[in-house]
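Observations on chain architecture
One-letter residues, chain by chain:
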Amino acid sequence: MNKPLTSKKRSLVFFLVPNFSLLPFSAAIETLRIANRMLGYEAYTWRLSSTDGTQVLSSSGIGLEVNTSLADERKFLGGENRPSMVLVCSGVYVEDFNNKSVNAWLREVYNRGVSVGSLCTGAHVLAAAGLLTGKRCAIHWENLPGFAETFPQVDVYADLYEIDSNIYTCAGGTASLDMMLNLIDQDFGENLVNRVCEQALTDRVRGPHDRQRLPLRARLGVQNAKVLSIIELMEGNLSEPLSLLEIADGAGLSRRQIERLFRQEMGRSPARYYLEIRLDRARHLLVQSAMPVVEVAVACGFVSASHFSKCYRELYNRSPQQERAERKLTLQAAR
């Protein structure tokens, strides 16, 4: 539905967390800039903020100067510079960003009726501030396992973006473009959205529940529908792995048929493939959460930490403890 173009204005604060991702940040900013150009006036204004008001390095090593500090933003909440939306921009290593002052500020912003949101992994910061309890949110698929284990009280989804009352979250990448298009649609209607899409050379507006990742068929290069359905079954049962007999019953095939199909299509047995995707989930949990190794093992369907460590070392040529230690060294280097 088209809406009349009004003089509506919206001001945004992009709060930058160290190692934030440039792609979702720039996609959001550029979408708003194009909308302003199409409208002929600055319907959307923004400023960049950081904890102490100093430059913030992105994950690509490119630093951005900011306009305000946390202290500035606190003062602005009570005056004419009060924003209508605050978006937390983060990226890799977000799990290690834990700032009580930022958490308190975000709660104050939300309690004063300002919309709050996040780009890429920023949902982690919102959840740490207690703003996502009982709420729906989106986060990048790679960070979803660790997030779900850390914040079990949050309804997290592998969607492009989620809007739950006054909270906006998106998965990162170009999903921030889609979330900003939704915002523009709310403010000005479909006609302006279409004009922005034409300028941005995007041929369609994706909905919030469009998938983040490529379909299994494209991602794995597998065409056999039975194999794909079995893999989906496996991916949906990682913490409590199904037996091959249970998988066979679910797929309507015999164990021998499944063994043959996996050898032909995946080059390995179904048991081996199942083990590899469980270990892949474990790797994400090790580098994205502070969960003890034994809890990671249980979350990925291993009956003992020793068996988990043995399987992990065989696949990755290092122990779970070494994986976590290497991650800490990488984080220190990034700082």
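- An unreviewed UniProt entry lists the protein chain under the name AraC family transcriptional regulator, with Pararhizobium polonicum given as the organism.

**Focus: the pairing of strand S2 (residues 44–49)**
- In the sheet, strand S1 (residues 10–16) pairs with S2 via 6 bridges, with the strands oriented parallel. The residue bridging Phe14 from the neighbouring strand is Leu48, located in S2.
- Once the chain exits S1 it traverses helix H1 (residues 22–39) before rejoining the sheet at S2, and the crossover so formed is right-handed.

**A few points about the nonpolar core**
- Among the nonpolar cores identified, the biggest contains 40 residues, and Phe14, Leu16, Phe25, Tyr44, Leu87, Leu119 and Met179 are the most heavily contacted of them.
- When contributions to this core are tallied by element, the ones reaching two or more residues are S1, H1, S2, strand S5 (85–89), strand S10 (167–170), helix H6 (175–188) and helix H7 (190–200).

**Quick word on unusual backbone geometry**
- Here the phi dihedral of Tyr93 falls at roughly 65°; this positive angle occurs in a residue that is not glycine.
- Tracing the chain through its elements places Tyr93 in the loop between S5 and helix H3 (100–111).
- Despite not being glycine, Leu201 has its phi angle at roughly 60°, a positive value.
- Structurally, the position occupied by Leu201 is in the loop between H7 and helix H8 (216–220).
- Leu201 gets classed as exposed once you look at its relative accessible area, which sits at 78%.

**A few points about the sheet that holds strand S6 (residues 115–119)**
- A sheet is described by the order of its strands in space; here 6 strands give the open sequence S2-S1-S5-S6-S10-S9, paired in mixed fashion. Both outer strands of the open sheet, S2 and strand S9 (161–164), are each paired with one neighbouring strand and no more. Across the sheet, the mean angle from the axis of one strand to that of its neighbour is 15°, orientation sign disregarded.
- Where S9 lies against S10, 4 bridges are found, and the strand directions are antiparallel. Across the sheet, Tyr161 pairs through a bridge with Cys170, a residue of S10.
- Sitting on the sheet, H3 touches S1, S5, S6 and S10, and the angle it makes with S5 is about 150°.
- Of the strands in this sheet, S1, S2, S5, S6, S9 and S10 touch H6, which is tilted by about 145° from S10.

Cut-offs used in this document
- Residues numbered from 1 in each chain as written.
- Predicted model: local features only at pLDDT ≥ 70, side-chain atom pairs only at ≥ 80, totals over all residues.
- Heavy atoms only, no water.
- Pairing = 2+ DSSP bridges.
- Helix = DSSP H or I, 4+ residues; strand = E, 2+ residues; numbered from the N terminus.
- Right-handed = clockwise from strand over helix to strand, strands pointing away.
- Core = buried A, V, L, I, M, F, W, Y, C linked by side-chain atoms within 4.5 Å.
- Buried < 20%, exposed > 50% of the residue type's maximum accessible area, 1.4 Å probe, protein only.
- Axes fitted to C-alpha atoms, helices over the stretch in contact; angles between N-to-C directions.
- Contact = heavy atoms within 4.5 Å.

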